[in-house]
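Chain by chain, the residues:
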Amino acid sequence: MRLIHVGVLALVLSCAPPAFSQTKSALAPAAAEDWKALDHKWLDSERTGDLDYLEKFFADSYVLVLANGQSYTKKEWLGILRGPDRPTLQTLDPENIQVHVFGNVAILTDHTTIKGHDSKGKSLDGVFNVFRVVIKKNGTWLATGVVMNPDLTKK
Amino acid sequence: MKRAYGLGVTILVMIASGAVALGQAPKKPAASGEDVAGTVAILDHVWLDAAHNHDGETAAWLFAENFVEVHPGGFLVTKLQQVDMISNTQLGDLAIQSSDIQVRYASPDVAVLTDTTTIRGKQGETNYDGQYRVMRVFAKLQGRWRAAGAGIARITTAQ
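Okay, so let's go over this structure. (Residues numbered from 1 in each chain as written. Chains lettered and ligands numbered in written order. Predicted model: local features only at pLDDT ≥ 70, side-chain atom pairs only at ≥ 80, totals over all residues. Heavy atoms only, no water.)

1. Topic: the overall build of chain B
Now for step 1: Helix and strand counts for chain B come out as four helices and eight strands.
Now for step 2: Traced from its N-terminal end to its C-terminal end, chain B shows the element sequence α-α-α-β-β-α-β-β-β-β-β-β.
Now for step 3: Here chain B, with 159 residues, has 52% of them falling under the buried criterion.
Now for step 4: A sequence separation of at least 24 residues applies to 56% of the contacts in chain B between residues at least 6 apart.
Now for step 5: For chain B, the exposed surface amounts to about 7,000 Å²; the carbon and sulfur share of it is 54%. (Helix = DSSP H or I, 4+ residues; strand = E, 2+ residues; numbered from the N terminus. Buried < 20%, exposed > 50% of the residue type's maximum accessible area, 1.4 Å probe, protein only. Contact = heavy atoms within 4.5 Å. Areas by Shrake-Rupley, 256 points an atom, 1.4 Å probe, with all protein chains shown as cover.)

Structure representation (structure tokens):
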């Protein structure tokens, strides 16, 4: 039994590189990628209704999870933004943008302030800590996921 | 027990990912035919089992060094913080179960999935009872699938 464990460990160690090299890779910034600009462009497009940009920027796999757990696919979310029930957003401002790059996927976290209302006039005002996922496809970064949470960290 | 579990998980994932030669060609795409969706679905369960069993070793093995998780309420935690939370047996036990696992995106080195996670129990003063929408991100780094991060939102609306 002990021999089996040693053998498995040897195999694992030979296959998995030291954590140090993995750390370096994960932390290495993607060359010349302006993540803050990407995040701002993303939210500016949602605020102003630049749906042509969002259609291209959202991967087909895009899924949005709102702070209440409701989820939308790309088709569903763009349908809302195109339709009569689209929200009116005066402010959609990401701050404290942090980026974690893992090769062809990056996770952005930010603190987003929203001011606006839905189609019925209900306020959407709030501050959120947001988890965003972008993937690199054919050399281009595309949004594939968002999870929003109300920021309760200061309460 | 945890050690044996960790080894078992290692073997399971290596078999599932067909990754005998992992780490030897980190920049090459995964071998053709690799069942990425199947592998990360297994890792999804490994992740939750580790959390349930206070198995910090397995969590540390699974999480990438730059791992980040956003908890309900918007609390950001690093790998170290998350592993410490999982390892802390002073915190109460949580019953954790995932369902409706959907692999939203899978490539040779990236996978993004969502699931509905049901949690029962308290840790400290925090009552976690409820359902959560979870997005988990996996990346293949130096030939091994690692958890890169997760975003978790409590479901408070009828779906």
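Moving on, there is more to tell.
2. Here's the deal with the overall build of chain A
Now for step 1: If you tally the helices and strands in chain A, you get five helices and six strands.
Now for step 2: Walking chain A from its N terminus toward its C terminus, one meets helices and strands in the order α-α-α-α-β-β-α-β-β-β-β.
Now for step 3: Counting over 155 residues, chain A shows a buried share of 45%.
Now for step 4: Intrachain contacts of chain A at a sequence separation of at least 6 include 49% that bridge at least 24 residues.
Now for step 5: Of the roughly 8,200 Å² of accessible surface on chain A, a fraction of 57% belongs to carbon and sulfur atoms.

3. Notes on the packing of aromatic side chains
Residue and element names in this part refer to chain A.
Now for step 1: Under the criterion given, the structure shown has eleven aromatic pairs over all chains.
Now for step 2: Centroid distance Trp42 to Phe58: 6.4 Å. Interplanar angle 70 degrees. Geometry classified as edge-to-face. With Trp42 in helix α3 (residues 35-48) and Phe58 in strand β1 (residues 58-65), this pair connects stretches of sequence that are 16 residues apart. The burial state of Trp42 is the same as that of Phe58; both residues are buried. (Phe/Tyr/Trp six-rings, centres within 6.5 Å; stacked < 30°, edge-to-face > 60°.)

4. Looking at the nonpolar core
Now for step 1: Trp35(A), Leu38(A), Trp42(A), Phe58(A), Tyr62(A) and Val134(A) are the most contacted members of the largest nonpolar core, which totals 28 residues.
Now for step 2: Contributions of two or more residues to this core are made by α3, α4 (51-57), β1, α5 (74-82), β3 (88-102), β4 (105-117), β5 (126-137) and β6 (140-150) of chain A.
Now for step 3: Each residue touching Val134(A), except ones within four places of it in the same chain, is listed here: Trp35(A), Leu38(A), Trp42(A), Phe57(A), Asn104(A), Val105(A), Ala106(A), Leu108(A), Trp141(A), Leu142(A), Ala143(A) and Thr144(A).
Now for step 4: Counting 23 residues, the second-largest nonpolar core is a separate cluster that includes Ala59(A), Val63(A), Tyr105(B) and Val112(B). (Core = buried A, V, L, I, M, F, W, Y, C linked by side-chain atoms within 4.5 Å.)

5. Here's the deal with the environment of Gly145(A)
Now for step 1: Inspection of the secondary structure puts Gly145(A) in strand β6.
Now for step 2: Overall, the relative accessible area of 0% leaves Gly145(A) in the buried class.
Now for step 3: Sequence separation between Gly145(A) and Tyr62(A) is 83 residues; the distance between their C-alpha atoms is 5.2 Å.
Now for step 4: In contact with Gly145(A), other than residues within four places in its own chain, are Trp42(A), Tyr62(A), Val63(A), Phe131(A), Arg132(A), Val133(A) and Met135(B).

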